[in-house]
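So the chains spell out like this:
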Amino acid sequence: MKELELTVPPRDARAFVVPAGHFFRIVSVEGSQVGDLNLWNLHDLSERFFSGKTRAFHGTHVSTGSRLWSTLPNLRAMATITQDTLDWYGWDEDGAGVHDVIGTRCDPYTNLLLHGLEYHWCCHSNLKRALAAKLNIPLSEAEPHVHDVLNVFMCTGFTRDTHQYFMKASPVRPGDFIEFFAEMDLLAALSACPGGDCSASHSSDAAPCHPLKVEIHRCPEDSLGGWRPARVNGYSRSHGTERVK
Ligand SMILES: [Zn+2]
């Protein structure tokens, strides 16, 4: 049952809440478009999506069945990917796949470093503005919470010769979607990357850019069986401090 629908405008971001046990979908509309996704524990922003550990568990790209893990010390599944209409893509002739957890997000600092130019609609900035608006906090307070993303619909890989990260045009088309099951109460933010399909520039207004739709679906009460929200990691957290010498 669809509970909420929102549109992320091109070169901008929106933040939204997904209660535990709900599904959310990111849907391609209008044109080929990449999205940069951040996830937080709704009740504690210090627990957030851990791109590196997700990569270690599931590989460089995620698809149906992969879980998105949270930062230490909680280290638990925040969401599980339950459907992905781009599962068919697999690995192409260049070794590229979709939905990577390699790239970090486009940001104005790197852009200035590499190109000597200021650009204000990078995913980092978009996520920062969206989080600040959602929580009604100053922009400066929101920035440290923005973290390495899941690159939704993005097509990437590593070159065979020098193993460097590359991007190519996303195969996503209107109607495609990726669906997540929320394993805990989530605050999410999604940016419609200024790179559009990310076949060229990331930090300019040059690329055709399109909106993304987010749908939040609630399950019927009796359909989740014995499912319970994810528990925090059970490690004692003593870290050797109780060792007797
Ligand atoms: Zn971006």
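Thresholds, definitions, all that
- Residues numbered from 1 in each chain as written.
- Predicted model: local features only at pLDDT ≥ 70, side-chain atom pairs only at ≥ 80, totals over all residues.
- Heavy atoms only, no water.
- Helix = DSSP H or I, 4+ residues; strand = E, 2+ residues; numbered from the N terminus.
- Rg over C-alpha atoms; globule rule 2.2 N^0.38 Å.
- Buried < 20%, exposed > 50% of the residue type's maximum accessible area, 1.4 Å probe, protein only.
- Contact = heavy atoms within 4.5 Å.
- Areas by Shrake-Rupley, 256 points an atom, 1.4 Å probe, with all protein chains shown as cover.
- Pairing = 2+ DSSP bridges.
- Axes fitted to C-alpha atoms, helices over the stretch in contact; angles between N-to-C directions.

The protein has the name DUF1989 domain-containing protein in an unreviewed UniProt entry, where Pendulispora brunnea is given as its organism.

S.K.: Quick rundown of the overall build of the protein? Include the residues and the values.
M.R.: Within the protein one finds four helices and 13 strands. Against the globule reference of 18 Å for 245 residues, the protein gives a C-alpha radius of gyration of 18 Å, in line with a compact fold. Projecting the C-alpha coordinates of the protein onto the three principal axes gives extents of approximately 55 × 50 × 45 Å. Looking at the 245 residues of the protein, the share that counts as buried comes to 53%. In the protein, the share of contacts with a sequence separation of at least 24, taken over all contacts with a separation of at least 6, comes to 75%. When the accessible surface of the protein is split by element, carbon and sulfur atoms take 54% of a total near 11700 Å².

S.K.: Hey, could you go over the sheet that holds strand β13 (residues 212–217) for me, with residue numbers and the actual values?
M.R.: One open sheet holds the six strands; their spatial order is β1-β13-β3-β11-β7-β6, and the pairing between them is antiparallel. Strand pairing shows two members of the sheet lacking a second neighbour, β1 (2–8) and β6 (67–69), which therefore form its edges. Going across the sheet, the axis of each strand differs from the next one's by a mean of 20°, ignoring polarity. One ladder, built from six bridges, connects β1 with β13; its direction is antiparallel. Across the sheet, leucine 6 pairs through a bridge with valine 214, a residue of β13.

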